[in-house]
Every structure is written in C-alpha cells, then in structure tokens.
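Structural characterization, general
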Amino acid sequence: MLRFTCKKFLLPNRILRHTLKNLASCSSTLIREAPTPDSTATQEPKDENFTVSYLMESCGLGPEAAKCIHLGFSGKPEAQRFADRWKYVIKLFRHFGFHDYHIARLVLKQLQLFSSAPDKELKPKIELLVSLGAHPTTVAEILLNFPCGHLQDHFLPLVDFLVKMHSNGEELVETVMSFCRTLSFDPQAFLANVAVLREVGMPDNIVLYFMRKEHHILDENSILFKKIVDEVKIMRIDPQSCDFVDGMLAISAISTETYKQKSRFFKKWGWSDAELLKVLIEHPKFLDVTEKKIDEVMDCFVNTLGFKPLCVVQCPLAFTCSRKKLISRFCVAKFLWAKGVINVDSYKMSSFLETSEHLFLKRFVTKHKENVPELFDLYSLCKEDGKPFYAS
C-alpha cells in the first residue's frame, strides 16, 4: 500500500540532475556552522573527505548526488572539520536504501539531522519508522518535511499517540506522511488538547480529521484551546461531527468581538449562532461582507422575493451578487416553480447563482421556451430594471 510513494518520488535522471544542480547552487545559504562535535571528531580531516570520487567509492553515492554534495561542501571548513559525522549520516541513509536524490536533499537542506549524535537520535527514528512498515522513500520524505525533534521528549510521545490511533502500521505511516506538521507540535500541548476534545465526546476519526487540517490551534495553549471548544459547544454543534472541527477553525480565525458583532446583526434577521457558523465554515470570507450588503441581500430575499430569512443560509453566494442579479434569477426560479415546470426540491438555491449567464439561460430559460415562451422577455426586462415579475 505504501509502495506507491516510491514511484511518486523517484525522478527521471534529467529531473534529478536539474534538481541537484539547483540544490548545489543554493547550498551556500544552507550550510551553517555545525554544533561542537564529540572529542573523537574534532581532528581536521584531509580535503578529500568530500571529493566526488570519495563520496562515490566510500559512501556509495551516484555521480550526480556526489557532485552535488561536493559542491555544497566545497570551501566549507566546518563541513570538513565534522566530516565523520556527515559521512556517517550519508552511509546511514544508504544503508536504509534511500535514493541518491533524497540523500542529497537531506544532507544539504536538513542540517537539524546533524545537530546531535546521529546514532542516538536519527538512526532510532529511521529504525522505528521502518519497523512500522514505512518504505525508505516514505521515511526520506517524512524527514524532508520535518526532521523531527528530540527522540525521547518529542518524537516518541507523538508517534506513540499515533500508534494508539491506528490498527496497523500502514495506516500509521500514511498518517505521519500526511500530517508531517503534527510532528512539529509540542507533545504536551498537543496531547492536552486532544484530551480536551475527547472530554467533549469527539471520536478518534474526527480527531484524525482535525489533524488532517494540520491547523496550528492543535498546538495552542490548552487554556485558549478549551475556550474555543467551549464557544463551539454553546452553539450546540455535535462534537462527533466534522462540523465541530470546522466550527473551531472558523472561530479561531476571527476575533471574538467581530464574531459577536456579526452574530448580533444576523439575529435580527432570525439567524441562530449555529446557522451563522455554518455559513462561515463554508465561506470564511463571508466575514468581510459589510453590514450594509447583508441588509441589502436579506431585504431582497425576505421583502422583495418573499423567501424565509433562513433560505439565505443555503445560498451564502448571494452576498457576493448584485441586487438585480438576485431578483432576476430567483424570479425565474419562482416563475418555473409556480408554473410547475420544475420541482422546488430539484435544485438547490445556489444552483440559480453559481452558473454563468450562458449556462443559466440554457438551463432555466431557453430550455423551457415551449412551455413558457414569455420567460425570456420577462427575464431580460427584469435584468434591466431590477423589478420582480411573477407568474400569472
């Protein structure tokens, strides 16, 4: 199941050469001073440590990867000084079957991998992921996306949590691959926040849905996180549904004062907090709509077209349309409903707004010209003057 990643990331030689060339050209900005090494690694080796031939013969790299790393380390005394550590890591990657493409990228981009003894930090992480069923290509991509924190304090607690959430290793590795950012979270804050979600009755599959969003609030201070949870609970949204997660994301994206102001404004039109939140979840930019525009659209729907206030919940797109467009298109809809040409339940409210003018005419006007030949003229006049028309 995981083998597909190998095909996904193993690139043709032409693309590989181009990628490695780009990596080499920017390596001067990627190579920084390495941490103080162990006493056994402080002796300055000879210059041949990172020659192309040495990297090919001693580390088993192909010519393109070897040339890339050689260019990246050329003229870098700190790289020469700590050569044993770098060579160990390159050989480690080769031992676990990493492709040259990934080895070059990891060596030149993820310097965090060399910040401590590789055999005590990096090697156990790779072994753990491999033991769970991860293909070498998948492991390399995980390390490229996020090299992971300290083994005992960071990496293991998060992986342990993910293991408990999955019935088999393949699902776990897919989760880690999909949610690499989760491995950058503070384990204490993350696990405390997950505990809050479980306290309100959120099942594991919805927690995983939350993780799939890779949202920063999962890594927030637990007090702030609980406050957001409580605000969504007040709206009576089921914590066993994805709507609860989406509600939390919507609340976290806006200030409390802004939300309260919008909420008060919509309540005068008969909306509840849950209905407002539903619109915000589907259309976050809805918060940018001015109160004047909201009043205009609600007045058009309720007083001009005769719809119930909550009909607009099904059609948030209405708040981006002009008054003439709303009146002309929904007059067509009501005309066809009144004549019995189309069924009221056959179309969503948004169907009459989200299509282009050409498709709207084709689908709702010219299509029915035999049954209602006057409709085209009525619609055209309404578009011009903005005055509604009704079926006689």
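Residues numbered from 1 in each chain as written. Predicted model: local features only at pLDDT ≥ 70, side-chain atom pairs only at ≥ 80, totals over all residues. Heavy atoms only, no water.

1. Regarding the overall build of the protein
Convention followed: Secondary structure elements are taken from DSSP: a helix is a run of H or I of four residues or more, a strand is a run of E of two residues or more, and numbering for both begins at the N terminus. Note on contacts: a residue pair is in contact if any heavy atoms of the two residues lie within 4.5 Å. Here, Shrake-Rupley sampling with a 1.4 Å probe gives the accessible areas, and only protein chains in the shown set may cover a residue.
Across its full length, the protein carries 22 helices and zero strands. Looking at the protein alone, contacts between residues at least 24 apart form 73% of all its contacts between residues at least 6 apart. Only carbon and sulfur atoms are counted for the fraction: they give 51% of the accessible area of the protein, which is about 19900 Å².

2. Things to note about the pattern of salt bridges
As a reminder, the rule being used: A side-chain nitrogen of Lys or Arg and a carboxyl oxygen of Asp or Glu constitute a salt bridge if their distance falls within 4 Å. For the exposure calls, accessible area comes from a 1.4 Å probe over protein chains only, and a residue counts as buried if that area is under 20% of its type's maximum, exposed if over 50%, partly exposed in between.
Within the structure shown, the criterion is met by nine salt bridges. In this structure, Asp 204 engages Arg 198 in a salt bridge whose closest nitrogen and oxygen atoms are separated by 3.0 Å. For Arg 198, a relative accessible area of 39% gives the class partly exposed. In this structure, Arg 329 engages Glu 357 in a salt bridge whose closest nitrogen and oxygen atoms are separated by 3.1 Å. Taken together, the positions of Arg 329 in helix 20 (residues 323-339) and Glu 357 in helix 21 (residues 357-365) put the pair 28 residues apart, joining distant regions of the chain. Several salt bridges converge on common partners, so that one network encompasses Arg 329, Glu 357 and Lys 383.

3. A few points about helix 20
So the rule is basically this: Helices are assigned an expected span. That span is 1.5 Å times one less than the residue count.
Taking 1.5 Å of rise per residue, the 17 residues of helix 20 would be expected to cover 24 Å, and the 24 Å separating its terminal C-alpha atoms lies within 8% of that figure. Taken together, the buried positions of helix 20 are Leu 326, Ile 327, Ser 328, Arg 329, Phe 330, Cys 331, Val 332, Ala 333, Phe 335, Leu 336 and Trp 337. The secondary structure elements touched by the buried residues of helix 20 are helix 19 (291-304), helix 21 and helix 22 (375-385). Positioned one or two residues after helix 20, Gly 340 has a phi angle of 75 degrees, which is positive.

4. Quick word on the nonpolar core
Heads up, the rule is: In this description, a nonpolar core means a group of buried Ala, Val, Leu, Ile, Met, Phe, Trp, Tyr and Cys residues linked to one another through side-chain atoms lying within 4.5 Å.
Ranked by size, the top nonpolar core spans 77 residues in total, and within it Met 248, Trp 271, Phe 319 and Phe 330 carry the most contacts. The greatest single-element share of this core, amounting to nine residues, is contributed by helix 20. Contacts of Phe 330, omitting those with residues within four sequence positions, involve Phe 301, Leu 305, Phe 307, Cys 315, Met 349, Phe 352 and Leu 353. By size, the runner-up hydrophobic cluster in this structure holds 25 residues, among which are Leu 61, Trp 86, Leu 144 and Val 159.

5. Things to note about the packing of aromatic side chains
Just so we agree on the cut-off: Two rings from Phe, Tyr or Trp (for Trp, the six-membered ring) form a pair when their centres are within 6.5 Å of each other. A pair whose planes differ by under 30 degrees is stacked, one over 60 is edge-to-face, and the rest are tilted.
Inspection of every chain in the model, using the stated rule, returns 17 aromatic pairs. Look at Phe 161 and Phe 190: their rings are 5.2 Å apart centre to centre, the planes differ by 90 degrees, and that puts the pair in the edge-to-face class. With Phe 161 in helix 11 (residues 151-164) and Phe 190 in helix 13 (residues 187-199), this pair connects stretches of sequence that are 29 residues apart. For Phe 161, a relative accessible area of 8% corresponds to the buried category. Ring plane angle 45 degrees and centroid distance 5.3 Å describe the contact between Phe 360 and Phe 364, whose orientation is recorded as tilted. Of this pair, Phe 360 and Phe 364 are both found in helix 21, four residues apart, which corresponds to roughly one turn of the helix. The residues Phe 360 and Phe 364 share a single accessibility class, namely buried.

6. Side note on the packing of helix 8 (residues 100-109) against helix 10 (residues 136-145)
Working note: a packed helix pair is described by the angle between its axes plus the distance between those axes. The test is simple: Geometry is summarised by axes, namely lines fitted to C-alpha atoms with helices restricted to the contacting stretch, and by angles between N-to-C directions that run from 0 to 180 degrees. Orientation categories follow fixed angle ranges, with anything under 35 degrees roughly parallel, anything over 145 roughly antiparallel, 65 to 115 roughly perpendicular, and all other angles oblique. Rotating anticlockwise by less than a right angle from the far helix to the near helix defines a left-handed crossing, while the corresponding clockwise rotation defines a right-handed one. Residues are grouped as follows: Ala, Val, Leu, Ile, Met, Phe, Trp, Tyr, Cys and Pro are nonpolar; Asp, Glu, Lys and Arg are charged; all remaining types, including Gly, are polar.
The contact between helix 8 and helix 10 brings their axes to 10 Å, and the two run at 20 degrees. The angle between the axes of helix 8 and helix 10 places the two elements in the roughly parallel class. Here helix 8 runs over helix 10; the crossing is left-handed. Contact residues: helix 8 offers His 102, Arg 105 and Leu 106, while helix 10 offers Thr 137, Ala 140, Glu 141, Leu 143 and Leu 144. Its residues placed into classes, the contact of helix 8 with helix 10 shows four nonpolar, two polar and two charged.

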